[in-house]
Amino acid sequence: IPTVEPPVQEIVVAMVPDKPLEKPQDKILTDASVPAGKGQVESFLDDWRKAWERGDLDAYMGFYGDRAAQGDRRGLSAIREHKVGLWAERPPKSVHMEDMRVTERKNGWRVEFVQHYASKDGFVDKGLKKMVLIKAGPRIIIVDEQWSSM
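These numbers come from a predicted model, not from an experiment. (Residues numbered from 1 in each chain as written. Predicted model: local features only at pLDDT ≥ 70, side-chain atom pairs only at ≥ 80, totals over all residues. Heavy atoms only, no water.)

Draft legend 1. Layout of the pairing of strand 6 (residues 124-136). Bridge count for strand 5 (residues 108-119) against strand 6 is eleven bridges, and the pairing is antiparallel. Directly across from Ala 118, in strand 6, lies its bridge partner Val 124. If you look at the hairpin formed by strand 5 and strand 6, you'll find four residues sitting between the two strands, and Gly 122 has a positive phi there, around 100°. In terms of strand pairing, strand 6 meets strand 7 (residues 139-149) through ten bridges, oriented antiparallel. Pairing of Ile 134 across the sheet is with Ile 141, part of strand 7. (Pairing = 2+ DSSP bridges. Helix = DSSP H or I, 4+ residues; strand = E, 2+ residues; numbered from the N terminus.)

See below:
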């Protein structure tokens, strides 16, 4: 039976305001105050984004666990099959991430961000991306990825 782990600490990637914050609970975490894993997650997601933008299917697939879920697709072969068809019709051009929130969990992270996507044929969309990343030995892998239109 799957269980939901409570978040250990939430990391908000945001600009620090010029004026002092009103309440102590409004504290925005800066690079000096966030756990060491934040940089590792951001680097991982940047590499994932770059592989996607290049349309490098092998590199892109290397970011996912064997039993990963992406929308209603389950497992690497289903994700690969979907991307082969999609990228043949609409090759990726750009992927931008903004308003990223990273929540540290026992064995990884939950990540949410606004995703702006464009393909080379002019198709564009914007949506909320939700991902679960875990540590698998020395690596980080994506085990769940969901997207909803905004």
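Draft legend 2. Just the side chain of Lys 83, in detail. Structurally, Lys 83 can be placed in helix 3 (residues 76-89). Glu 145 provides the closest opposite charge to the buried, unpaired Lys 83, separated from it by 5.9 Å. The residues contacting Lys 83, other than those within four sequence positions of it, are Trp 52, Leu 57, Tyr 60, Gln 70 and Ala 88. (Buried < 20%, exposed > 50% of the residue type's maximum accessible area, 1.4 Å probe, protein only. Lys, Arg positive; Asp, Glu negative; His and termini not counted. Salt bridge = Lys/Arg side-chain N within 4 Å of Asp/Glu carboxyl O. Contact = heavy atoms within 4.5 Å.)

Draft legend 3. Up close: the pattern of salt bridges. Considering all chains together, one arrives at nine salt bridges under this definition. Ionic pairing is found between Arg 80 and Asp 58, a salt bridge with its closest N-O pair at 3.2 Å. With Arg 80 in helix 3 and Asp 58 in helix 2 (residues 57-61), this pair connects stretches of sequence that are 22 residues apart. For Arg 80, a relative accessible area of 31% corresponds to the partly exposed category. Asp 58 gets classed as exposed once you look at its relative accessible area, which sits at 56%. With a closest N to O distance of 3.1 Å, Arg 90 and Asp 121 form a salt bridge. Here Arg 90, found in the loop between helix 3 and strand 4 (92-105), pairs with Asp 121, found in the loop between strand 5 and strand 6; they are 31 residues apart in sequence, far enough to count as distant. Taking the relative accessible area as the measure of exposure, Arg 90 reaches 28% and is therefore partly exposed. Ionic contacts of the salt-bridge type, sharing partners, join the residues Asp 46, Arg 49, Lys 50 and Glu 53 into one network.

Draft legend 4. Structural detail: the nonpolar core. Within the largest apolar cluster, 25 residues are counted, with the highest numbers of intra-cluster contacts made by Leu 45, Trp 48, Val 111 and Leu 133. Elements with a contribution of two residues or more to this core: helix 1 (37-54), helix 2, strand 2 (64-70), helix 3, strand 4, strand 5, strand 6 and strand 7. Here this core gets six residues from one element, more than from any other, and that element is helix 1. The residues touching Leu 45, leaving out its near neighbours within four places in the chain, are Met 97, Met 100, Val 111, Met 131 and Leu 133. (Core = buried A, V, L, I, M, F, W, Y, C linked by side-chain atoms within 4.5 Å.)

Draft legend 5. Spatial organisation of the side chain of Lys 129. Looking at where Lys 129 falls in the secondary structure, it is placed in strand 6. There is a polar contact of 3.3 Å between the side chain of Lys 129 and the side chain of Gln 115. With residues near it in sequence (within four places) discarded, Lys 129 still touches Trp 48, Trp 52, Val 111, Glu 112, Phe 113, Gln 115, Glu 145, Gln 146 and Trp 147. (Polar contact = N/O pair within 3.5 Å; in protein donor to acceptor, adjacent residues only side chain to side chain.)

Draft legend 6. Spatial organisation of helix 3. Between its first and last C-alpha, helix 3 extends 20 Å over 14 residues, near the 20 Å set by a 1.5 Å rise per residue. The set of residues buried in helix 3 consists of Ile 79, Lys 83 and Trp 87. Looking down the long axis of helix 3, one finds its buried residues gathered within 50° of arc, a one-sided arrangement. Exposed side chains of helix 3 directed beyond 90 degrees from the buried face belong to Ser 77, Glu 81, Ala 88 and Glu 89. Turning to helix 3, the residues buried within the fold contact helix 1, helix 2, strand 2, strand 3 (73-74) and strand 4. (Expected span 1.5 Å × (residues − 1). Arc of directions from axis to C-beta.)

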